[in-house]
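Listed below are the residues making up each chain.
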Amino acid sequence: MIGLFIKVLDFALPVLAMIFVGLVGTSVLVELGLMQKFSRLVSPIFAYTNLPDTCASAFLVSIGSTVAANSMLFQAKKENCLENREVLLCAMMNSTPVYFRELFTYQIPIVLPALGLMVGGFYSIVFVVTALFKILVIAIASKLFLKGNSCRIPELQNREKISLKSAIIRAFRKEFRIFLKIAGVYVIATTIIFVLQEQGFFEIFSVLPLAEFFKIPPVSIVPLTSYVASPILGISLLGPMIHSGEITNIQAMIVLMLGSMFMLPIFALRSQLPGKIAIFGTQLGFQIVIYSMAISVFVRLAILLVLLSIAP
């Protein structure tokens, strides 16, 4: 029990630290009256959507930190500036910059050397295509389901200007109780996920029958199942097989798509769901995770079907 608690804290504390910085940092910007100015920098991206102006500000912040951006949306929702549908689409939009960040932090330094230019390049392109498709879906959904909302986090035009120190103190006092509530929910949710993992719950995602159905070479079963548990491990095992000719480039691409399709639900449950529930609540947090995951799985399924159609 103590070991499980230590694992939960080791996993949760860094995330909670980012949530705390996001909440307080966003509140400081609100106190200083700077929040609404961010939206002007990314307004061209939102020109063809019905997403609120506040969403543009959060999107800009998400380039650096998704957690901080979602904390900003939480703040806007708390101020009755955003409705649930708007928060849902804005939070999904906040998840797209990470795909481009990972090109430089994950794809180029790790995936390309491990899998080679063709397969590694393909895998990197999948991430970019997923991000672009997600943005397209969000833009269309905003046109269909949102009427347009120009609500912005209030400026401090009618208030006296305050110093940065005063803004930080005010923000800390205002957000500390909210953070404690979020932290409690996050730790509980993370503990539940870790308990389920230890009980073997995630073993239901076994990919072996599906691998046989798609006639993947037996040698690819190990990297495929390893990928579901750890993408880096799966890629590390798959790379030598590609270079030695044990598996073709097309077969390697199929393995990557199958592995990622089954990895995404596990990643969503373990890494995304606790954080989203902690910030947005159970219902809205669950919807954000499910819809985002569904789009990613759909893209990989479409690519997988194309690969199967051209595979020898």
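Residues numbered from 1 in each chain as written. Predicted model: local features only at pLDDT ≥ 70, side-chain atom pairs only at ≥ 80, totals over all residues. Heavy atoms only, no water.

Novice: Help me understand the overall build of the protein in this model?
Specialist: Counting secondary structure elements, the protein contains 12 helices and zero strands. Listing each helix as α and each strand as β along the protein from the N terminus yields α-α-α-α-α-α-α-α-α-α-α-α. The buried share of the protein, reckoned over its 312 residues, is 49%. Across the protein, every contact between residues at least 6 apart in sequence was considered, and the portion connecting residues at least 24 apart equals 77%. (Helix = DSSP H or I, 4+ residues; strand = E, 2+ residues; numbered from the N terminus. Buried < 20%, exposed > 50% of the residue type's maximum accessible area, 1.4 Å probe, protein only. Contact = heavy atoms within 4.5 Å.)

Novice: Honestly, the packing of helix 4 (residues 66-78) against helix 5 (residues 84-94) in this entry has me stumped. Any pointers?
Specialist: What describes two packed helices is the angle between their axes and the distance between those same axes. Remark: helix 4 packs on helix 5, axes separated minimally by 10 Å, with the N-to-C direction vectors making an angle of 170 degrees. Between helix 4 and helix 5, the angle is such that the two are roughly antiparallel. Regarding helix 4 and helix 5, the two cross each other, and that crossing is right-handed. Residue-level inspection shows Thr66, Ala69, Asn70, Leu73 and Lys77 of helix 4 in contact with helix 5, the latter providing Asn84, Val87, Cys90, Ala91 and Asn94. Split into classes, the residues belonging to the contact of helix 4 with helix 5 amount to five nonpolar, four polar and one charged. (Axes fitted to C-alpha atoms, helices over the stretch in contact; angles between N-to-C directions. Parallel < 35°, antiparallel > 145°, perpendicular 65-115°, else oblique. Left-handed = near helix turned anticlockwise from the far one by under 90°. Nonpolar A, V, L, I, M, F, W, Y, C, P; charged D, E, K, R; others polar.)

Novice: What am I meant to see in unusual backbone geometry here?
Specialist: With the exception of glycine, most residues fall at negative phi, and the peptide bonds are largely trans. Unusually for a residue other than glycine, Asn80 sits at a positive phi of about 60 degrees. Mapping Asn80 onto the fold places it in the loop between helix 4 and helix 5.

Novice: How should I be thinking about the UniProt feature "transmembrane region" (unreviewed entry) in the protein in this particular structure?
Specialist: Sequence positions flagged by UniProt for "transmembrane region" (unreviewed entry) are, in local numbering, residues 12-34, 125-146, 178-196, 216-238, 250-268 and 288-311. Taken end to end, residues 216-238 has its terminal C-alpha atoms 13 Å apart, with 74% of it in helix and 0% in strand. Spanning residues 250-268, this segment combines 100% helix with 0% strand, and its end C-alpha atoms are found 27 Å apart. (UniProt positions renumbered as here; feature names shortened; annotations may be inferred.)

Novice: Honestly, the side chain of Thr66 in this entry has me stumped. Any pointers?
Specialist: Its place among the elements puts Thr66 in helix 4. For Thr66, a relative accessible area of 19% gives the class buried. The residues contacting Thr66, other than those within four sequence positions of it, are Asn94 and Arg101.

Novice: Looking at this structure, I do not really get the nonpolar core. What am I missing?
Specialist: Buried together is how nonpolar side chains tend to be arranged in soluble globular proteins. Counting residues in each nonpolar core, the largest one holds 38 residues, and the members touching the most others are Leu115, Tyr123, Ile235, Leu238, Leu256 and Met257. Residue assignment for this core shows that the elements contributing at least two residues are helix 6 (97-145), helix 9 (221-229), helix 10 (231-244), helix 11 (249-280) and helix 12 (282-310). Residues Leu51, Ile138, Ile182 and Ile288 belong to the second largest nonpolar core, which totals 36 residues. (Core = buried A, V, L, I, M, F, W, Y, C linked by side-chain atoms within 4.5 Å.)

Novice: Looking at this model, I keep getting lost on the packing of helix 9 against helix 10. Mind explaining?
Specialist: Relative orientation of the contacting elements helix 9 and helix 10 amounts to 160 degrees, with a least axis distance of 6 Å. The orientation of helix 9 with respect to helix 10, classified from their angle, is roughly antiparallel. As for how helix 9 packs across helix 10, the hand of that crossing is left-handed. In contact with Val222, Pro223, Ser226, Tyr227 and Ala229 of helix 9, helix 10 contributes Pro231, Leu233, Gly234, Ile235, Leu237, Leu238 and Met241. Looking at side-chain class alone, the contact of helix 9 with helix 10 contains 10 nonpolar, two polar and no charged residues.

Novice: What am I meant to see in a nonpolar patch on the surface here?
Specialist: Taken together, Leu136, Ile140, Leu144 and Phe145 make up a surface patch of nonpolar side chains, about 420 Å² in accessible area. Note on placement: Ile140 falls in helix 6. The exposure class assigned to Ile140 is partly exposed, which follows from its relative accessible area of 43%. (Patch = residues over 30% accessible without salt bridge, like charges linked within 9 Å, V, L, I, M, F, W, Y side chains within 5 Å. Areas by Shrake-Rupley, 256 points an atom, 1.4 Å probe, with all protein chains shown as cover. Salt bridge = Lys/Arg side-chain N within 4 Å of Asp/Glu carboxyl O.)

Novice: I keep staring at the environment of Ile247 and nothing clicks. Help me out?
Specialist: Tracing the chain through its elements places Ile247 in the loop between helix 10 and helix 11. C-alpha of Ile247 to C-alpha of Pro217: the two residues are 30 residues apart in sequence and 7.3 Å apart in space.

Novice: I would appreciate a short explanation of the packing of aromatic side chains in the present structure.
Specialist: Aromatic rings in a pair are described by how distant their centres are and how their planes are angled relative to each other. One pass over the full model with this rule turns up six aromatic pairs. For the pair Phe20 and Phe172, a centre-to-centre distance of 6.0 Å together with 80 degrees between the ring planes defines the contact as edge-to-face. Of this pair, Phe20 sits in helix 1 (residues 2-32) while Phe172 sits in helix 7 (residues 164-198), and the two are 152 residues apart along the sequence. Look at Phe20 and you get partly exposed, because its relative accessible area is 24%. (Phe/Tyr/Trp six-rings, centres within 6.5 Å; stacked < 30°, edge-to-face > 60°.)

Novice: Even after reading the chapter, I still don't get helix 4, so can you show me in this structure?
Specialist: Residues that lie three or four places apart on an α-helix share one face, since the helix turns once every 3.6 residues. Relative to the 18 Å expected for 13 residues at 1.5 Å per residue, helix 4 spans 18 Å between its end C-alpha atoms, a close match to the ideal helical length. The positive-phi residue at the C-terminal boundary of helix 4 is Asn80, with phi of around 60 degrees. (Expected span 1.5 Å × (residues − 1).)

Novice: Looking at this model, I keep getting lost on the environment of Leu269. Mind explaining?
Specialist: By the element assignment, Leu269 lies in helix 11. Note on Leu269: relative accessible area 24%, which makes it partly exposed. Along the chain, Leu269 and Thr190 lie 79 residues apart, while their C-alpha atoms are 9.2 Å from each other.

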